[in-house]
2 protein chains.
Amino acid sequence: MSVKALIIAAGRGSRLKGLTKDEPKPLIKLLGLSLVERVILTAKRAGIDEFVMVIGYLGEKIREELGDGDRYGVKITYIENREWERGNGVSVLKAKEILNEEFVLLMADHLFDVEILHSLLKTRLEGDECVLVVDKRPPDYIDLREATKVKVRDDKIVDIGKRMKEYDAIDCGIFLCTQSIFKALDESIQDGDETLSGGINVLSRAGRVKAFEIKDNFWIDIDTKSDYNKAEKILCEKLIKPTDGPVSKFLNRPISIRISKLLVRTKIKPNTISILSFFIALLSALFFSLGDYLYIIIAGILSQLGSIVDGCDGEVARLKFQQSDYGAWFDAVLDRYADALIISGMAYGYWLLHSDIKIWIIGITALTGSFMNSYTAIKLDSILINNKNIPRIRFGRDIRLFLIMAGAVLNQIFYTIIIIGILTNAESIRRLYTLRNR
Amino acid sequence: MSVKALIIAAGRGSRLKGLTKDEPKPLIKLLGLSLVERVILTAKRAGIDEFVMVIGYLGEKIREELGDGDRYGVKITYIENREWERGNGVSVLKAKEILNEEFVLLMADHLFDVEILHSLLKTRLEGDECVLVVDKRPPDYIDLREATKVKVRDDKIVDIGKRMKEYDAIDCGIFLCTQSIFKALDESIQDGDETLSGGINVLSRAGRVKAFEIKDNFWIDIDTKSDYNKAEKILCEKLIKPTDGPVSKFLNRPISIRISKLLVRTKIKPNTISILSFFIALLSALFFSLGDYLYIIIAGILSQLGSIVDGCDGEVARLKFQQSDYGAWFDAVLDRYADALIISGMAYGYWLLHSDIKIWIIGITALTGSFMNSYTAIKLDSILINNKNIPRIRFGRDIRLFLIMAGAVLNQIFYTIIIIGILTNAESIRRLYTLRNR
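Since the structure is predicted, the reported quantities are computational estimates derived from the model, not experimental observations.

Definitions and limits used
Residues numbered from 1 in each chain as written. Chains lettered and ligands numbered in written order. Predicted model: local features only at pLDDT ≥ 70, side-chain atom pairs only at ≥ 80, totals over all residues. Heavy atoms only, no water. Salt bridge = Lys/Arg side-chain N within 4 Å of Asp/Glu carboxyl O. Buried < 20%, exposed > 50% of the residue type's maximum accessible area, 1.4 Å probe, protein only. Helix = DSSP H or I, 4+ residues; strand = E, 2+ residues; numbered from the N terminus. Contact = heavy atoms within 4.5 Å. Buried area = accessible area lost by both parts, 1.4 Å probe. Polar contact = N/O pair within 3.5 Å; in protein donor to acceptor, adjacent residues only side chain to side chain. Core = buried A, V, L, I, M, F, W, Y, C linked by side-chain atoms within 4.5 Å. Axes fitted to C-alpha atoms, helices over the stretch in contact; angles between N-to-C directions. Parallel < 35°, antiparallel > 145°, perpendicular 65-115°, else oblique. Left-handed = near helix turned anticlockwise from the far one by under 90°. Nonpolar A, V, L, I, M, F, W, Y, C, P; charged D, E, K, R; others polar. Pairing = 2+ DSSP bridges. Least-squares fit on C-alpha atoms with pLDDT ≥ 70 in both. Domains from an automatic or database assignment. Patch = residues over 30% accessible without salt bridge, like charges linked within 9 Å, V, L, I, M, F, W, Y side chains within 5 Å. Areas by Shrake-Rupley, 256 points an atom, 1.4 Å probe, with all protein chains shown as cover. Lys, Arg positive; Asp, Glu negative; His and termini not counted. Charge placed at Lys NZ, Arg CZ, Asp CG, Glu CD.

## Structural notes on the pattern of salt bridges
Part 1 of the argument: Applying the stated criterion across every chain, the model contains 60 salt bridges over all chains.
Part 2 of the argument: We note a salt bridge from E83 of chain A to R86 of chain A, for which the minimum N-O separation is 2.6 Å.
Part 3 of the argument: Note on R86 of chain A: relative accessible area 34%, which makes it partly exposed.
Part 4 of the argument: In this structure, E237 of chain B and K233 of chain B form a salt bridge, with 3.4 Å as the shortest nitrogen-oxygen distance. Linking E237 of chain B with K233 of chain B, this pair stays in helix α7 (residues 225-237), spanning four residues, or about one helical turn.
Part 5 of the argument: Members of the salt-bridge network, linked through shared partners, are D310, D335, R336, D339, R397 and R400 of chain A.

## Here's the deal with the interface of chain A and chain B
Part 1 of the argument: At the junction of the two partners, chain A supplies 35 residues and chain B supplies 35 residues.
Part 2 of the argument: With both chains or domains summed, chain A and chain B bury close to 3,800 Å², and 83% of this area falls on carbon and sulfur atoms.
Part 3 of the argument: It is W329, Y375 and L432 of chain A that lose the most area in chain A upon contact with chain B, and together they represent 21% of the buried surface on that side.
Part 4 of the argument: Between chain A and chain B we count six residue pairs in polar contact (both at pLDDT 80 or more) in total.
Part 5 of the argument: Elements with a contribution of two residues or more to the side of chain A that touches chain B: α11 (325-354), α12 (358-384) and α14 (413-437) of chain A.
Part 6 of the argument: Per-element tally for the side of chain A that touches chain B: the top contributor is α12 of chain A, with 15 residues.

## Here we look at the nonpolar core
Part 1 of the argument: Counting 82 residues, the largest nonpolar core has F288, I359 and W360 of chain A together with F288, I359 and W360 of chain B as its most contacted members.
Part 2 of the argument: Leaving out residues up to four positions away in the same chain, W360 of chain A has contacts with A347, Y348 and W351 of chain A together with I357, W360, I361 and I364 of chain B.

## Thoughts on the packing of α11 of chain A against helix α14 (residues 413-437) of chain B
Part 1 of the argument: Where α11 of chain A meets α14 of chain B, the axes come as close as 9 Å, and the angle between the chain directions of the two elements is 165 degrees. In terms of axis orientation, α11 of chain A runs roughly antiparallel to α14 of chain B. Of the two elements, α11 of chain A crosses α14 of chain B, and the hand of that crossing is left-handed. Together, D325, Y326, W329, F330, V333 and Y337 of chain A of α11 of chain A and N425, S428, R431, L432, L435 and R436 of chain B of α14 of chain B make up the contact between the two elements.
Part 2 of the argument: In the contact of α11 of chain A with α14 of chain B, the residues fall into seven nonpolar, two polar and three charged.

## Here's the deal with the pairing of strand β11 (residues 169-177) of chain B
All names here are of chain B.
Part 1 of the argument: Counting buried residues in β11 gives nine out of nine residues, a clear majority hidden from the surface.
Part 2 of the argument: Relative to β11, strand β6 (residues 103-107) runs antiparallel, the two sharing three bridges. Directly across from V104, in β11, lies its bridge partner L176.
Part 3 of the argument: Examined bridge by bridge, strand β8 (residues 130-135) and β11 share four bridges and lie antiparallel to one another. Directly across from D135, in β11, lies its bridge partner I170.
Part 4 of the argument: As paired elements, strand β9 (residues 149-153) and β11 share two bridges and run antiparallel to each other. Paired with V150 across the bridge in β11 is A169.

## Looking at the relation of the copies chain A and chain B
Mapping between the two chain copies consists of a rotation about an axis together with a translation along that axis.
Part 1 of the argument: It takes a turn of 180 degrees to lay chain A on chain B, together with a shift of 0.1 Å along the axis; the resulting RMSD is 0.1 Å. Look at the turn and shift together and you get a two-fold axis relating the two. For chain A, the minimum C-alpha distance to the rotation axis belongs to Y375 of chain A and amounts to 2.8 Å.
Part 2 of the argument: Comparing interface residues between copies, 100% of those in chain A also sit at the interface in chain B, which points to an isologous, same-surface contact.

## Comments concerning the domain arrangement of chain A
Residue and element names in this part refer to chain A.
Part 1 of the argument: Domain assignment breaks chain A into domain 1 (4-224) and domain 2 (239-437).
Part 2 of the argument: Surface buried jointly by domain 1 and domain 2 totals about 640 Å² across both partners, of which 71% is contributed by carbon and sulfur atoms.
Part 3 of the argument: At the junction of domain 1 and domain 2, the tally comes to zero salt bridges.
Part 4 of the argument: One can count one residue pair in polar contact (both at pLDDT 80 or more) joining domain 1 with domain 2.
Part 5 of the argument: Per-element accounting of the side of domain 1 that touches domain 2 gives the leading share, four residues, to helix α1 (residues 35-45).
Part 6 of the argument: Per-class residue counts for the side of domain 1 that touches domain 2 are three nonpolar, two polar and two charged.

## A word on a negative patch on the surface
Residues and elements named next belong to chain A.
Part 1 of the argument: A cluster of acidic residues, D22, E23, E64 and E65, forms a negative patch at the surface.
Part 2 of the argument: As for its position among the elements, E64 is in helix α2 (residues 59-66).
Part 3 of the argument: Overall, E64 belongs to the exposed group, its relative accessible area being 67%.

## As for helix α1 (residues 35-45) of chain B
Residues and elements named next belong to chain B.
Part 1 of the argument: Taking burial as the measure, the 11 residues of α1 include nine buried ones, the bulk of the element.
Part 2 of the argument: Of the residues making up α1, those classed as buried are L35, V36, E37, R38, V39, I40, L41, T42 and A43.
Part 3 of the argument: G47 sits one or two residues past α1 and shows a positive phi near 100 degrees.

Quick look at the structure:
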């Protein structure tokens, strides 16, 4: 099933005036990508690769910026709507001749989670029905005065409009449509209502609009600077993973997200950041291997810095839709080598000063334990992938590198390695028990 | 969907006389499990946990042996057929009053791959249809003179019998049935044909028997000693994994399968074998750490022995239907520790004799490389799980331990560790390239 998407990118976005003087609203950059790029790339991740875009206000700029979509691995066809100052229903109607099958209808200024499209595309349409994505429990950042409201009865939309006082849900601006929408828009425009809601209303009166509940997924309509700030905040918050360890959550992420917010504005690729993080760890290992306290302090700080920067590759990848299996793997492999280098550097530096052969034995123990933690984490994930009942608590890399920094600052290399050796290997055994006793 | 299975275990198995004098054929042991246990455990893996078993010849022995099925985590109900010397259709008919829904019909002496049941259970039955599993390209070990043949037209069975000269496929003795089979058997038995084929023939004449192609899956009807030997051979051959490396394939497996054939007759659990293999590796590490050439030779041989025994846990688990996520993980974790111990032991023993600090650096490099190979193997698998186009060639544990044995026998610990360090780390990099260039 290859569904096309119709994106309405014709409006002026007058309430974002400051930002849209010389630039159409769809091209406003948010965390390194324009709003319309985010909509396209989200839809692409849901499997959509053909787009029809209705442009109007400063439409040429949009066409120039996005081109034929090649850069995004999709195909974009443009329709110009010179009457963009009329209602958005007029913009939708311009695509009437081009779209002959089921299509997804999206707004260039509405951001949303890809999961919504994933489920929406699985909906079976009966006859000439349309489906409207609605939010029954809109979060508090949705401006209810400006939102389009709907009444829902038995999964059907029965009324839609902005001025309703009693309503069941909010219109999220995401639709799965059949050609019936065009006929309905013709009718409502003749009746004087030029909004898309007008057309939907015609269909809903005939019982032909299904409501699709968004559940806990994220969506936002960016109309004001406050919406823009909120969207930025939420996209950043979503970067915190449920599997993040405590050091990552409370120390590394707050810093790495700040760095990532700068990095997304550049062309720096996630894999380049992985390499940078690896080189910071390599530098840390070199300083550790020199053995003197002053170098050890620098090495400890570098190791923690590497740990922080290590978060940025994934963050930038997710913010810019650049995630890849290869990237994730490349990062994981470099991290393991970085771990091995840092612990070896610590052991070598200590041995230089103290000529104590024990350091090699405990170094190998700590190295083995660190590897085992990373190893069992994937094993655990691949086994538990369909079993979300077991908590995935980790004694992970974030804690290890934090302990190394702390131990370095306190000049306790020997005991730091012993502690890491004990904790990592104990964690391996704990994970075995977890799996056995489930 | 919880489908029951009807197992026909009433016959005498006269052509296996030597083996069935005091014992009914379903209880003949094959690689540690009786034939009927294999049928039950195969069906259980396909999700079936309720069984109805028709017993006849020495039926009490079967009932005594299997009990209520608790031991296998299933429920078994028995029906006695005192007329077991009549055709097998009579045995099937005995279950008429007990089975009121769709059920799977199996023979206690037919072994088969679980994949067949998995797909068969997904078949949608229309009305009172039955489905018969057939083999269009029977392997040469199937005795065509004794086999039941079928003619197939457009996925329907149109004729069935033993004496047919022209036929399209062989009846594999696995059925998905509705109640219609009982009515058909009533009819065919009245007409003088007491075989199950007789009943199927009644249904097929009415166009109500679908053919289900077995494709490349394994099945065998065990009627003679030669069938028995063939089944044993094939079940053992199936233990060789497509991911097995060259040393595993040509040296370890041939030996470990021989050991496993003895082990399946005992009550030794797969996890116990994993622990045994770990202790062999631990012993190898201890001998390596002593440093002298004689000890090193012993250590090298032990390391290879550990590698061979390491194959047995999985083989016994698969032969006895004892596979578990925990078992696989337990084995993997112990293997990683065993690897770390052996390389550490080698480094320590060398250092004792030569006091050369370089051995620790190259030891850590080899250890890191070994870990990386195991680490990237799971990462690779979890990423490639749905992409079978990329070959999963491995520089794996089998080769590493073989190199260690060879190096030990040649008294070249230093160079062995260097070679392992180079090869394992080169393999990590090669895998990164593989994934990047796909």
